[in-house]
Amino acid sequence: MNDSSPAPADSPAPVLDVWCELQCPDCRSALDDLRALRARYGDRVELRLRHFPLEKHKYAFAAAQAAEEALEQGQGWAYVEAVLGRVEELDRKGEPFLVKVARELGLDSEEFDTALIDGRHILIVDADQAEGKAIGVTGTPTYVIGGERLDGGKSQEGLRERIEEIADRLLADQG
């Protein structure tokens, strides 16, 4: 067997969808779990950011668009972590803060500013939010892996362990 052959099409990496909102203190609390999951699984589990901006947070929709721009510029998770780590600053400063974080990370901040003005990422954010509502997401963070939805908005207690159990089972089923 040739080691360079692609993996069979029927065994892609399990996906962990993380329904998140960048102005959400509970999502900030989940950062340590997300870092631990990324460290444990690397590319064996695809960690996918999904947007679920809540109406109660004034800058959440803009922050979701900014995260998409960061993803396009190759630093999606770094940007998400930087913004979530400073939720209060986003609360106070709004969209200029989103551009400032991009500049701090060495991203093209002018392109960020333009993306927020021209709304090029709105459809992605809208689609994520609509899909989230369709599957029963009501708050953030919410995780979906292996067809199971886990709500982290009320408590993070035991969630990482549950995600790891499901991910380990999915990986074992593949191997």
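Model, not experiment: these values are computed from the prediction.

Colleague: A description of the pairing of strand 4 (residues 148-151) should follow, citing residues and the corresponding values.
Modeller: Sheet topology note: the strand 3 (residues 142-145)/strand 4 ladder contains 4 bridges and is antiparallel. In the strand pairing of strand 4, Y143 is matched with L150. Linking two consecutive strands that pair antiparallel, namely strand 3 and strand 4, is a turn of 2 residues; a positive phi of about 60° is found at G146 within it.

Colleague: An account of the sheet that holds strand 4 is requested, with residue identities and associated values reported.
Modeller: The strand order across the open sheet formed by 4 strands is 2-1-3-4, and the pairing between neighbours is mixed. With partners counted over all chains shown, the strands left at the sheet margins are strand 2 (46-51) and strand 4, one partner each. Ignoring strand direction, the axes of neighbouring strands in this sheet form an average angle of 20°. Its contacts with the sheet place helix 8 (residues 122-134) against strand 1 (15-20) and strand 2, and it is angled at close to 95° to strand 2.

Colleague: I'd love a proper account of the packing of helix 2 (residues 31-41) against helix 9 (residues 159-174), names of residues and values included.
Modeller: Closest axis-to-axis distance for the helix 2/helix 9 pair is 11 Å, and the angle between their directions is 25°. By the angle between their axes, helix 2 is roughly parallel relative to helix 9. As helix 2 runs across helix 9, the sense of the crossing is right-handed. Residues D32, D33, A36, L37, R40 and Y41 of helix 2 touch helix 9, and the partners they reach there are R160, I163, E164, A167, D168 and L171. Of the residues assigned to the contact of helix 2 with helix 9, the class counts are 6 nonpolar, no polar and 6 charged.

Colleague: Pulling in residues and values, what's your account of the packing of aromatic side chains?
Modeller: In this structure the tally under the stated criterion is 1 aromatic pair. On the numbers, 5.2 Å between centres and 35° between planes, the contact of Y79 with F112 is tilted. Remark: F112 occurs in helix 7 (residues 109-118) and Y79 occurs in helix 4 (residues 76-84); sequence separation between them is 33 residues. Of the residues examined, Y79 reaches a relative accessible area of 0% and is grouped as buried. Note on F112: relative accessible area 0%, which makes it buried.

Colleague: So what's going on with the pattern of salt bridges? Residues and values would help.
Modeller: Enumeration over the complete set of coordinates arrives at 21 salt bridges. As a salt-bridge pair, D118 and R120 come within 2.8 Å of each other at their nearest N and O atoms. Of the residues examined, D118 reaches a relative accessible area of 43% and is grouped as partly exposed. Judged by its relative accessible area of 32%, R120 is partly exposed. R160 is the salt-bridge partner of E164, the closest N and O atoms lying 3.7 Å from each other. Highlighted residues: E164 and R160, both in helix 9, separated by 4 residues, approximately one helical turn. The exposure class of R160 is partly exposed, given its relative accessible area of 27%. What you see here is one network of salt bridges that share partners, running through D17, R48, R50, D128 and E131.

Criteria and thresholds
- Residues numbered from 1 in each chain as written.
- Predicted model: local features only at pLDDT ≥ 70, side-chain atom pairs only at ≥ 80, totals over all residues.
- Heavy atoms only, no water.
- Pairing = 2+ DSSP bridges.
- Helix = DSSP H or I, 4+ residues; strand = E, 2+ residues; numbered from the N terminus.
- Axes fitted to C-alpha atoms, helices over the stretch in contact; angles between N-to-C directions.
- Contact = heavy atoms within 4.5 Å.
- Parallel < 35°, antiparallel > 145°, perpendicular 65-115°, else oblique.
- Left-handed = near helix turned anticlockwise from the far one by under 90°.
- Nonpolar A, V, L, I, M, F, W, Y, C, P; charged D, E, K, R; others polar.
- Phe/Tyr/Trp six-rings, centres within 6.5 Å; stacked < 30°, edge-to-face > 60°.
- Buried < 20%, exposed > 50% of the residue type's maximum accessible area, 1.4 Å probe, protein only.
- Salt bridge = Lys/Arg side-chain N within 4 Å of Asp/Glu carboxyl O.

Functional significance is not addressed by these values, which are geometric in nature.
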